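Read off the chains here:
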Amino acid sequence: MGAGVKCVITGSNIKALGRAIHSLSRIGEELYFEPLDDGLCLRSVNSSRSAYACFNFTPLFFHSFEVSGGSCQCKIYMKSVVSVFRSLPSLEKTVEKCLISLNTNSSRLVIQLFCKYGVTKTHNLSYQDCESLQAVYNPNTCPNVLRAPARLLSDAVVHFPLTLAEVTLMASPCGKVTLKNYVEDEVDPSKAMLTELSLSREEFLVYQLKKQSQITFCLREFRGLLGFAESSGLPISIHFDSAGCPAVFSVDDTVLEVHFVLATLSDTDHASQSQSQRVALPQSDDDFLGDDLDYMIAMETTLAGTSSPPPSPTFNSRPPPSPIQEEQAIYSECEDEAEREVPGTPPNKKFRSLFFGSVIQSSGQAAQEVLAEDSDG
């Protein structure tokens, strides 16, 4: 008898699982599925190793959760899983129970949706065995910590166009956080649209800064986490250091823990630092270049106590989007991104790879090491 897992999700947790899948689809093209004794772990990483996301669901999240046999890890084509949970409003209205089962003897991940009026939808998804996708990081060692309601951050980024690739966050110990769109150095500022807004420390649940910092990270992945956190009513914690060091965005509750780790744009001042932090990892023949991933983060701090902040003076309250508007926004953005991106293309900016020492094979080119600077552009 092979290893496997059988879990049942009911009620609003079905939609929460669907939102988690959609958030992970912003990161990579493969979903890593790993059942553990203490819950289910869903992970993804992008092709350039500059973004990693992990959802840990505890057994309390499920109506029932059973793991049999030894360990089993697999990866599944992301679009196949997204198609199962494609319509989030429909999940909430029609699906009463979701059964997920995997047995290594059958080589299929089965997802069954038990809907109203006795309708059952069964999806048999093929998967590939793999090693566990692991990333080593410790957000509690970060010198800077911000924690804010997801609605506050969502109201902030709504002012930026969906086509915007990166956003810059500037935070100061004096009590001011500024968000602005990132503009390339070679772009004439007079020909670019500049958007900038500021938030005061009173609007944050936690405002713990040991030094002034400015980081630039990808907005698309951050929007994915915002959508999940806002729908769940959970605040987002941001652990970060200086430019070039990965930033950790986290959401946690009694039944789940979420981490998004995003590379930040490197300054030339940090190039020598990145070389000194270089760690050599063995090269793998796997198509993911080794699923046991490792990267370094040097940070330091702890979370302070939390309290509810006053209503934001920066933004007026806006009504939540209707289910139709919500679904249209999700897919219009995903389609726009799909048209602009070429799968497997590393970032053409000075993003420091989270996974030091990894090697990416480019077609027609020699192996390129993903470290502090992927290109001069």
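The rules we used
- Residues numbered from 1 in each chain as written.
- Predicted model: local features only at pLDDT ≥ 70, side-chain atom pairs only at ≥ 80, totals over all residues.
- Heavy atoms only, no water.
- Helix = DSSP H or I, 4+ residues; strand = E, 2+ residues; numbered from the N terminus.
- Buried < 20%, exposed > 50% of the residue type's maximum accessible area, 1.4 Å probe, protein only.
- Areas by Shrake-Rupley, 256 points an atom, 1.4 Å probe, with all protein chains shown as cover.
- Pairing = 2+ DSSP bridges.
- Axes fitted to C-alpha atoms, helices over the stretch in contact; angles between N-to-C directions.
- Phe/Tyr/Trp six-rings, centres within 6.5 Å; stacked < 30°, edge-to-face > 60°.
- Core = buried A, V, L, I, M, F, W, Y, C linked by side-chain atoms within 4.5 Å.
- Contact = heavy atoms within 4.5 Å.
- pLDDT = per-residue confidence, 0-100.
- Salt bridge = Lys/Arg side-chain N within 4 Å of Asp/Glu carboxyl O.

This brings us to the overall build of the protein. Of the regular secondary structure elements, the protein holds 7 helices and 21 strands. Across the 377 residues in the protein, those meeting the buried criterion constitute 51%. In the form shown here, the protein has an accessible surface area of approximately 17,500 Å², with 49% of it arising from carbon and sulfur atoms.

Turning to the sheet that holds strand 13 (residues 176-181), a few remarks are in order. Whether parallel or antiparallel, the strands of a sheet pair through hydrogen bonds between backbone atoms. Strand order in the open sheet formed by 4 strands is 14-13-12-16, with antiparallel pairing between adjacent strands. Since the sheet does not close on itself, it has two edges, and those belong to strand 14 (196-200) and strand 16 (213-218), each with one partner. Taking the axes of each pair of neighbouring strands and ignoring which way they run, one obtains an average angle of 20° across the sheet. Where strand 12 (residues 166-172) meets strand 13, 6 bridges bridge the pair, whose relative direction is antiparallel. Bridge pairing links T168 to K180 in strand 13.

This part is about the packing of aromatic side chains. All told, the structure shown has 10 aromatic pairs when counted by the stated rule. Plain terms: the ring middles of F222 and F249 are 5.2 Å apart, the flat faces sit at 45° to each other, and that makes the pair tilted. In this pair, F222 is assigned in helix 5 (residues 219-232) and F249 in strand 18 (residues 247-252), connecting sequence segments 27 residues apart. Neither F222 nor F249 differs from the other in exposure class; each is buried. Three or more aromatic residues link up through ring pairs in this structure, and these residues are F55, F57, F61, F62, F65, F228 and F260.

In terms of nonpolar packing, the biggest core is built from 81 residues, with F33, L42, L146 and L169 touching the most fellow members. Not counting chain neighbours up to four residues away, the residues in contact with L146 comprise L169, A171, V177, F204, V206, Y207, L209, I236, S237, I238 and F240. Within the second largest apolar cluster, 11 residues are counted, among which are C41, V45, C54 and V261.

Before going further, it helps to spend a moment on the confidence of the model for the protein. A residue-level look at the protein finds 69% of positions with pLDDT of 70 or above and a mean pLDDT of 74. Predicted confidence for residues 327-348 stays below pLDDT 50, and this span has 30 contacts to residues more than four positions away or in other chains.

A loop of 3 residues connects strand 12 with strand 13, the two strands running antiparallel in sequence, and G175 in this loop sits at a positive phi of about 110°. Bridge analysis of strand 13 against strand 14 gives 5 bridges, and the strand direction is antiparallel. Bridging from a neighbouring strand, V177 pairs with L199 of strand 14.

Moving on, we get to unusual backbone geometry. Located in the positive-phi region is R49, a residue other than glycine, with phi close to 60°. Checked against the element boundaries, R49 lands in the loop between strand 3 (39-45) and strand 4 (51-57). One non-glycine residue with positive phi stands out, namely Y117, at about 65°. With respect to the helices and strands, Y117 occurs in the loop between strand 8 (108-115) and strand 9 (120-126).

For the coordinates displayed, the defined rule picks out 5 salt bridges. The partner of E34 in a salt bridge is R43, with the nearest N and O atoms 2.6 Å apart. Comparing E34 with R43 shows no difference in burial state: the two are buried. Among the salt bridges present, the one from R151 reaches D155, with a minimum N-O distance of 3.6 Å. Of the two residues, R151 and D155 are both situated in helix 4 (residues 150-157); the distance of 4 residues between them amounts to about one turn of the helix. The class of R151 is partly exposed, set by a relative accessible area of 30%. Owing to a relative accessible area of 8%, D155 belongs among the buried residues under this scheme. It is possible to trace a salt-bridge network through shared partners that takes in R151, D155 and E230.

Along the chain, the position of L199 falls in strand 14. The exposure class of L199 is buried, given its relative accessible area of 3%. Each C-alpha atom of the pair L199 and A156 lies 8.8 Å from the other, and the pair is 43 residues apart in sequence.

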